[in-house]
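Listed here are the chains, written in short residue letters.
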Amino acid sequence: MYYNIALIGFGGVNRALADIIATDEEKFYREMGFNLRIVAVSDMFLGSVYTPEGIDLALLAALPVAQGACATLPNGKATAENEDIIKNSNADIVVEATVTDSVTGQPATSHCRWALSTGKHVSTTNKGPLAFAEKELMDLALKNNVGFEYEGVVMSGTPVLRFADKLLKGSEIHQFSGILNGTANYVLGLVEQGHTFADAITSAQKQGYAEADPSADVEGKDVMLKVIVLANRLWGANLTRDNVQCQGITGLTETMVKEAVAEGCHWKLIGKASKQEDGSVVASVSPEKLSLEHPLAGISGAVNAITFTSGMLGDVTVSGPGAGRIETAYAILSDIIAIHQRKEI
Ligand code: HSE
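Just so we're clear, the structure is a prediction, and the values are computed from it rather than from any experiment.

K.L.:
I'd like a description of the site of the ligand, backed by residues and values.
P.N.:
Looking at the ligand, the residues that line it are K127, N181, G182, T183, Y209, A210, E211, D217, D222, K226, G322 and A323. Between K127 and the ligand, the recorded distance is 3.0 Å, taken from a side-chain N or O atom to an oxygen atom. Measuring from a nitrogen atom of the ligand, one finds a side-chain N or O atom of D217 at 2.7 Å. Going through the elements one at a time, helix 9 (182–192) and helix 12 (221–235) are the ones with two or more residues in the shell around the ligand. Classifying every residue of the shell around the ligand by side-chain character gives three nonpolar, four polar and five charged.

Next up, the structure:
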């Protein structure tokens, strides 16, 4: 069986997803129990293409990163057609992987809204719709009997949302604390090795870890959105940006980072939230100087880690990749598997 897919945004993540789908169709079917047919792509820079019977994946893989490049494909156009494709294409699943706008959550929120309200499942890696409109979009998905999945927004391909939601269900989680930004962690690691902050950020951008605007990574805004998404999912906390104290790593200097290492410590950007006795939730993002014994002190590079503290289990820590093109594309694949498992389309 096939699911028709529309890719909204065709940057590193959706390109990686297209490559995964193109690799070995038979093996993919054997392992997943379904196949994926990319019927549409729409991207503000590259343009759009809609081929109801499926786009030629070899042509898609070879698409140059040039403005309007989609016009060179059969049925292609130089302009994006996000709304028309989302509402009117034959896609079963819309994969929303456009750039996160951490101030308005748009246009990604509208993309999700259009898809869900026209009866299409959604997988998104975009933190905006979750941080700004999670309840509305969840209600819309329920009303239209479709899936709304977003595993990739908190720790990329490392399955932290489903882990907490499904595998730790009933364990009475009352706190989490984690390294939730791969760029900040990678940058701090390079600075510990003697690089400047500026060079380390450039390197994170080259690796594909950083947001389009890396200030969201280093100022803690990216972690703040992830903390909001996770706290709202775990506890229905209704947190918004106004409820989270947020400080990034921009207040740290190269000297401070190196001095900490000499003391046997590491600076880490920590996002955390805890549920209080009265049911309210307190959340924050800030750099913390951790001694080597701390379970999060040894997490290096773009790796993320999170410790859930629950009444029944105490601390349970999950770590894994928190950023990267293939890693985030895997999160989308895991969303599609969840959509497949929820019911046959
Ligand atoms: N810029 C983010 C990070 C990407 O570095 O963690 C994943 O959300």
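K.L.:
Tell me about the environment of T104, and name the residues and values.
P.N.:
Examined against the element boundaries, T104 turns out to sit in the loop between strand 5 (93–96) and helix 5 (108–117). A relative accessible area of 41% places T104 in the partly exposed class. The spatial distance from the C-alpha of T104 to the C-alpha of G128 is 7.2 Å, given a sequence separation of 24 residues.

K.L.:
Outline the pairing of strand 5, listing residues and values.
P.N.:
Alternating positions in strand 5 separate into two faces, I93 and V95 on one and V94 and E96 on the other, with burial throughout. Both strand 5 and strand 6 (residues 121–124) contribute to a ladder of four bridges, which runs parallel. Bridge pairing in strand 6 links I93 to H121.

K.L.:
Mind laying out helix 10 (residues 197–207), listing which residues take part and the relevant values?
P.N.:
Here helix 10 has its buried residues at F197, A200, I201, S203 and A204. Buried residues in helix 10, looked at end-on, bunch into an arc of 160°, giving them a common side. Across helix 10 from its buried face, at more than 90 degrees, point the exposed residues A198 and K206. Structurally, helix 10 contributes buried residues whose contacts are with helix 9, helix 11 (215–218) and helix 13 (254–262). Just downstream of helix 10 lies G208, where phi reads positive at about 85°.

K.L.:
Provide a residue-level description of the side chain of N4, including the pertinent values.
P.N.:
In this fold, N4 is placed in strand 1 (residues 2–8). At 2.9 Å, the side chain of N4 and the side chain of R37 are in polar contact. Discounting residues that sit within four places of it in the chain, N4 has contacts with R37, V39, N90, A91, D92 and I93.

Basis of the calculations
- Residues numbered from 1 in each chain as written.
- Predicted model: local features only at pLDDT ≥ 70, side-chain atom pairs only at ≥ 80, totals over all residues.
- Heavy atoms only, no water.
- Near = heavy atom within 4 Å.
- Polar contact = N/O pair within 3.5 Å; in protein donor to acceptor, adjacent residues only side chain to side chain.
- Helix = DSSP H or I, 4+ residues; strand = E, 2+ residues; numbered from the N terminus.
- Nonpolar A, V, L, I, M, F, W, Y, C, P; charged D, E, K, R; others polar.
- Buried < 20%, exposed > 50% of the residue type's maximum accessible area, 1.4 Å probe, protein only.
- Pairing = 2+ DSSP bridges.
- Arc of directions from axis to C-beta.
- Contact = heavy atoms within 4.5 Å.

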